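So you can see what is in the structure, the chains are spelled out below.
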Amino acid sequence: MVKIGDIELPDFPLLLAPMEDVSDPPFRALCKEQGADVVYTEFVSSEGLIRNAAKSVMKLDIYEKERPVGIQIFGANMESMLQTIDIVEKSNPDIIDINFGCPVKKVVSKGAGAGILKDICLMEQLTAEMVKRTNLPVTVKTRLGWDHDSIKIVEVAERLQDVGCKAISIHGRTRAQMYKGDADWKPIAEVKNNPRMHIPVFGNGDIDTPEKAMLMRDSYGLDGAMIGRASIGNPWFFKQVKHFFETGEHLGPISLAERVDAARRHLQMAIDWKGETLGVFETRRHYTNYFRGIPHFKKYRMKMVTSDDSKDVFAAFDEVLDVFSDYQFV
Ligand SMILES: Cc1cc2nc3c(=O)[nH]c(=O)nc-3n(C[C@H](O)[C@H](O)[C@H](O)COP(=O)(O)O)c2cc1C
């Protein structure tokens, strides 16, 4: 069994990665239903929360059905990060995760996200103080290092563990790589193989097939897999991986009915959460992924992404179910 603090998880848990504009409550709920063992919110700015910026505050919304859920925060200022803990706790998450991995310039230039990989002492201090501030388990998500010449992830992980971090998720790229090249899981395995490590070490980066998840488990010996892009438009990925683990076989294709059902429910949950206008608008970006591969789909996609009234979008889903009932997904 894998534990994050007192939270008990199955062997080799699958975690939904924090993803900006993707890992919102409706998407997290769908992934949870399809087998994600832990879900994380997209990153939330500590400075935004302190200023009570509506956009940041809304990202703290979590629902019972998604537990265990971690709220991920980013920032570099100690006082702001500590105040943020107090704010985040009011949302009652199961985990607070610190983002020490975001490579985006506007984040790293302020020393936040992966920017902190240039100052390991501050990374350690921030983690230590945040752990002291809350009774919730604090986890960290980070990258291998700032660049290829400064990879010290084995030491970094140990130092974070020693100040009370309860689990670490490591994306197998450096900040300098951004998303280029292949993720390298070897340094993550070195972290896990450090005999002093006792907290869970989760691997992240490029898991897009059940086989790769199995490789991470069996050949790299990691404690679990954090999955990001492979789940976008495919919340079933978690179930596909679990099925493969259990049977050694691939789950059959996801049917049109399941896809339409997911799209419908995604839209409904978004409306329930953000209201009709924003719900309709923000769910648009998911439809292409849900219905990818269907030929001559443009007419229906256009209806889904241009209608302002949810009734028209729901009607487009019904039409798709009717028109493409014979289409076989691979
Ligand atoms: C659209 C998008 C948004 C992301 N936003 C975040 C974020 O808010 N916080 C974070 O720690 N990582 C973020 N990431 C990085 C992912 O969590 C993950 O580390 C990365 O995509 C590699 O994993 P994957 O190959 O499974 O996608 C984001 C990635 C994508 C594609």
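Treat the numbers as computed from the prediction; the structure is a model and nothing was measured. (Residues numbered from 1 in each chain as written. Predicted model: local features only at pLDDT ≥ 70, side-chain atom pairs only at ≥ 80, totals over all residues. Heavy atoms only, no water.)

## Things to note about the nonpolar core
Going by this rule: Among the buried residues, those of types Ala, Val, Leu, Ile, Met, Phe, Trp, Tyr and Cys that are joined through side-chain atoms within 4.5 Å form a nonpolar core. Partly exposed residues are those whose accessible area sits between 20% and 50% of the maximum for their type, while under 20% is buried and over 50% is exposed, using a 1.4 Å probe and protein chains only. Under the DSSP-based scheme used, a helix requires at least four consecutive residues in state H or I and a strand at least two consecutive residues in state E, with every element numbered from the N terminus. An automatic or database domain assignment is the source of the domain bounds shown. What makes two residues a contact is simply this: any of their non-hydrogen atoms within 4.5 Å.
Among the nonpolar cores identified, the biggest contains 88 residues, and Ile168, Phe291, Met304, Phe317 and Val320 are the most heavily contacted of them. When residues in this core are grouped by element, the largest group, 7 residues, is from helix 11 (residues 256–274). Residues from two domains meet in this core; each of domain 1 (2–247) and domain 2 (256–324) gives at least three. In this view, Phe317 contacts Val260, Ala263, Arg264, Leu267, Tyr287, Phe291 and Met304; residues no more than four positions away in its chain are not counted.

## Describing the domain arrangement of the protein
Under the convention used in this document: Accessible area, probed at 1.4 Å, shrinks when two parts are joined; the buried area is that loss added up over both. Any carboxyl oxygen of Asp or Glu that lies within 4 Å of a side-chain nitrogen of Lys or Arg is treated as forming a salt bridge with it. Distance and chemistry together define a polar contact, namely a pair of N or O atoms within 3.5 Å, with one atom able to donate a hydrogen and the other to accept it when in protein, and with adjacent residues in sequence counting only for side-chain atoms on both sides. Each residue gets one label: Ala, Val, Leu, Ile, Met, Phe, Trp, Tyr, Cys and Pro are nonpolar, Asp, Glu, Lys and Arg are charged, and the others, such as Gly, are polar.
Looking at the protein, the domain boundaries give domain 1 (2–247) and domain 2 (256–324). Placing a centre on the C-alpha atoms of domain 1 and another on those of domain 2 gives a separation of 30 Å. Facing 18 residues of domain 1, the contacting portion of domain 2 comprises 13 residues. Both faces combined, the contact of domain 1 with domain 2 buries some 1,400 Å², and carbon together with sulfur accounts for 65% of it. Contact with domain 2 buries surface across domain 1, with Pro26, Leu30 and Trp236 losing the most and accounting together for 36% of the total. If you look at where domain 1 meets domain 2, you find 2 salt bridges. Ionic pairing is found between Arg265 and Glu33, a salt bridge with its closest N-O pair at 2.5 Å. Counting every contact that joins domain 1 to domain 2 gives 4 residue pairs in polar contact (both at pLDDT 80 or more). In terms of residue count, helix 1 (residues 25–33) provides more of the side of domain 1 that touches domain 2 than any other element does, 6 residues in total. In the side of domain 1 that touches domain 2, the residues fall into 11 nonpolar, 1 polar and 6 charged.

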